[in-house]
Amino acid sequence: MLIEGPIDASELLPMLARPEMQPPVALLCYPEDDPASTSFWPFAEFSPEYQAALWAVGNKATLQFIDLPSSARFTTAAIGGAEDTDATEATQAPEDGDAAPLPRDPIAMLAHAAGYEDGESWWSDIIEQNPEPGPIFAAIADAMTTLRNGEGPIAQFEAKREAHMRLEIAKARKQFDGPIAAVCGAWHVPALQATHTQKNDQVLIKGIARRKSTMTWAPWTGPRLALGYGYGAGVVAPGWCKHLWRTRGRRDAATLWLATIAAVLRAKGHLISTASLIEAERLARTLAAIRERPKPGFEELRDAAIAALFNGEALLWRLVEAELLLGSDVGEIPPDTPLAPLIEDLQRNQRAARLKPEALERELSVDLRSESGLFRSTLLHRPERARCALG
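Computed from a predicted model, the values in this text were never measured in an experiment.

### Some thoughts on the overall build of the protein
And step 1. Counting its regular elements, the protein contains 15 helices and 6 strands.
And step 2. Buried positions account for 47% of the 391 residues belonging to the protein.
And step 3. The contacts in the protein between residues at least 6 apart in sequence include a share of 70% that link residues at least 24 apart.
And step 4. If you sum the accessible surface of the protein, you get close to 20300 Å²; carbon and sulfur atoms cover 54% of it.

### Thoughts on the packing of aromatic side chains
And step 1. Using the criterion set out here, one finds 6 aromatic pairs in the structure.
And step 2. With 5.5 Å between their ring centres and 70° between their planes, Phe43 and Trp217 make a pair best called edge-to-face. Of this pair, Phe43 sits in strand E3 (residues 39–43) while Trp217 sits in strand E6 (residues 213–219); the two residues are 174 residues apart in sequence, bridging distant segments of the chain. Trp217 carries the same exposure label as Phe43, and that label is buried.

### Quick look at the pairing of E3
And step 1. Counted residue by residue, E3 has 5 buried out of 5 residues, so it is predominantly covered.
And step 2. Residues Ser39, Trp41 and Phe43 point to one face of E3 and Phe40 and Pro42 to the other, with burial holding for every one of them.
And step 3. Two strands pair when backbone bridges link them, and strand E2 (residues 25–31) and E3 are joined in this way by 5 bridges, in the antiparallel orientation. Its bridge partner lying in E3, Val25 is registered against Phe43.

### Topic: the packing of helix H2 (residues 106–113) against helix H3 (residues 119–128)
And step 1. It is at 8 Å that the axes of H2 and H3 come closest, and there the two elements cross at 80°. As summarised for this structure, H2 and H3 are arranged roughly perpendicular, according to the angle between their axes. In this structure, H2 uses Ile107, Ala108, Leu110 and Ala111 to contact H3, whose residues at the interface are Gly119, Trp122 and Trp123.
And step 2. A per-class count over the contact of H2 with H3 returns 6 nonpolar, 1 polar and no charged.

### Let's talk about empty space enclosed by the protein
And step 1. This model, assessed by the stated rule, comprises 2 cavities of 30 Å³ or more.
And step 2. By volume, the largest cavity is sized at about 50 Å³.
And step 3. Those elements giving two or more residues to the lining of the largest cavity turn out to be H3 and helix H11 (298–308).
And step 4. Classifying every residue of the lining of the largest cavity gives 3 nonpolar, 4 polar and 4 charged.

### What to know about a nonpolar patch on the surface
And step 1. A contiguous nonpolar patch, built from Leu364, Val366, Leu368 and Leu374 and spanning about 310 Å² of accessible area, is present on the exposed surface.
And step 2. Considering the arrangement of structural elements, one finds Leu374 in helix H14 (residues 371–380).
And step 3. Here Leu374 falls in the partly exposed class, since its relative accessible area comes to 46%.

### A word on helix H10 (residues 274–290)
And step 1. Taking 1.5 Å of rise per residue, the 17 residues of H10 would be expected to cover 24 Å, and the 25 Å separating its terminal C-alpha atoms lies within 8% of that figure.
And step 2. Of all the residues in H10, the buried ones are Leu277, Ala280, Glu281, Ala284, Leu287 and Ala288. Down the axis of H10, the buried side of the element spans an arc of 125°, and every buried residue falls inside it. Those residues of H10 that are exposed and aimed more than 90 degrees away from the buried face are Ala275, Arg282, Ala289 and Ile290.

### Some details on unusual backbone geometry
And step 1. Cis geometry marks the peptide bond from Pro23 to Pro24, where omega comes out at 10°.
And step 2. Within the secondary structure, Pro24 sits in the loop between strand E1 (2–6) and E2.
And step 3. With phi around 55°, Asn311 is a residue other than glycine that occupies positive phi space.
And step 4. Counting through the fold element by element, Asn311 comes out in the loop between H11 and helix H12 (314–325).

### Digging into the environment of Leu326
And step 1. With respect to the secondary-structure elements, Leu326 resides in the loop between H12 and helix H13 (341–353).
And step 2. Sequence-wise, Leu326 and Ala237 are 89 residues apart; in three dimensions their C-alpha atoms are separated by 5.5 Å.

### A few points about the pattern of salt bridges
And step 1. Considering all chains together, one arrives at 20 salt bridges under this definition.
And step 2. As a salt-bridge pair, Arg285 and Glu281 come within 2.9 Å of each other at their nearest N and O atoms. Taken together, the positions of Arg285 and Glu281, both in helix H10 and 4 residues apart, correspond to about one turn of that helix.
And step 3. Accessibility expressed as a relative area gives 38% for Arg285, which makes it partly exposed.
And step 4. Residues Asp303 and Arg302 are paired through a salt bridge, measuring 3.1 Å at the closest nitrogen-oxygen approach.
And step 5. Among the residues examined, Arg302 registers a relative accessible area of 16% and is labelled buried.

### Notes on H14
In an α-helix, one full turn covers 3.6 residues, which means residues spaced three or four apart are oriented alike.
And step 1. Taken together, the buried positions of H14 are Gly373, Ser377, Leu379 and Leu380. Projected down its long axis, H14 carries its buried residues within an arc of 165°, all on one side.

### Some thoughts on the sheet that holds strand E4 (residues 64–67)
And step 1. Pairing is parallel across the open sheet formed by 3 strands, whose spatial order is E4-E1-E5. Each having just a single partner strand, E4 and strand E5 (182–183) make up the two edges of the open sheet.
And step 2. The pairing of E1 with E4 spans 3 bridges and is parallel. Bridge pairing in E4 links Leu2 to Gln64.
And step 3. Set on the sheet, helix H5 (residues 156–175) makes contact with E1, E4 and E5; between it and E4 the angle comes to about 140°.

Thresholds applied
Residues numbered from 1 in each chain as written. Predicted model: local features only at pLDDT ≥ 70, side-chain atom pairs only at ≥ 80, totals over all residues. Heavy atoms only, no water. Helix = DSSP H or I, 4+ residues; strand = E, 2+ residues; numbered from the N terminus. Buried < 20%, exposed > 50% of the residue type's maximum accessible area, 1.4 Å probe, protein only. Contact = heavy atoms within 4.5 Å. Areas by Shrake-Rupley, 256 points an atom, 1.4 Å probe, with all protein chains shown as cover. Phe/Tyr/Trp six-rings, centres within 6.5 Å; stacked < 30°, edge-to-face > 60°. Pairing = 2+ DSSP bridges. Axes fitted to C-alpha atoms, helices over the stretch in contact; angles between N-to-C directions. Parallel < 35°, antiparallel > 145°, perpendicular 65-115°, else oblique. Nonpolar A, V, L, I, M, F, W, Y, C, P; charged D, E, K, R; others polar. 1 Å grid on protein atoms, 1.4 Å probe; cavity = no way out; pocket = protein on both sides within 12 Å on 5 of 7 lines; lining within 4 Å. Points joined across faces, edges and corners; volume = space filled by probe spheres on them. Patch = residues over 30% accessible without salt bridge, like charges linked within 9 Å, V, L, I, M, F, W, Y side chains within 5 Å. Salt bridge = Lys/Arg side-chain N within 4 Å of Asp/Glu carboxyl O. Expected span 1.5 Å × (residues − 1). Arc of directions from axis to C-beta.

Shown next, in the form of C-alpha cells:
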C-alpha cells in the first residue's frame, strides 16, 4: 500500500491503526535545526489515506509513503509559503524557489460542467455514494489528463514530486510480486501512469535538499480540515464529508442529516417540529428529482432546510452553518506519542488553565482580577497558542 506523503515519515504510518489514535490527527514534520518551519499532513476519518492505512495494517500489507521527503520542501532560509497543497502550515518555500501557481481545482471544473455548485457534491454522487463506481475511475483519469494538458507545464516542484512517486512505485513493483495500490490525488494519476524513464526521473529529483527532520503525530481539529481554514488540499465541508462516510450504504442518510440540523437548532433554543422535518425531507427529495440527481445531496438538503426549517430565511442558516459543515471534532493521539515542543508546552499550559481543547472559536469570559483569569487571558493572547487552543 503506497500513499502520497513524505517518504521519510513512513515508519509512523502504522500508528494510525492504534485504537488510541482518534482522527482528525496530523503528521507533523520540521527540520531539527529550525522547529518553526513546520508542516502538517492532516488525516480525517473519511480520508482515503487514513482508511488505506487501516486496511494495510489490518491485512498485514507493506505500508509506506512515496512522496518527496519532508525536508525537500524547505530552503535554509524562510523565503515564502509552501507550494504543496497536500501539506499545510509550512513557513518555508520549496528548495528550488519555484513559485508557479497550482492549477485550479480540477474536480470543481468537472462539477461545474455537470451543473453542480461545488466539486464535493458532484464527487459524492459520482464516487462516494455510487454503489458501482467501477469505470468512473478510468473516466476521471481521462478527464484529469485532458485538464492537465489544458493547463500547460506544471510547476517544477510538482514535477519533482511526481517523479519521486513514479520511482517509488517502480521500486515496489520490483520488490513485491502481489498487487500494489497507490493512493494519491486524482490530479496526479495521469502523471503516475504515464511512461517515463527512471533515468529521467532520477535526473529530475537530483540535488533535492535533504535536512534531518523530526516527525510525530499531533491532534487536529475538524475545522482545520477545511479549505477555508488554509488547508490547500482541504474540503469545503468536513462535517458533511464525515456524515457521508458514516452513513455510507444507508438509505436514511438525508433523514439523519436533517435530524442533525434540527438538533443543532433546538440546542440554540429554536422550536423545530417533526412535521417541519418531514416536509424538509420531502422537499429535498423533490429537488433532487427536479435537478436529476440520484439522491438528495448537500445542496438539496440545505435548500430544503432553509425553506422548511428556517422559514425561507437564508441568513438564519449562517447561524448553524459552521457547526454543521466544519464540525467540532478534536483528535486524540496515543499518550506515548513524542510531542513537538510547542504542543507539549501548550498542553501543559492548557491543563494549568483548565482549558479544554475545542475546534470552533467562541467567546470566553475571564476575570482579569483573579490569577487564574489573568493566566487564561495571557495564554490565549499568545497567537501560536490561541490558534491551537481554540482550533
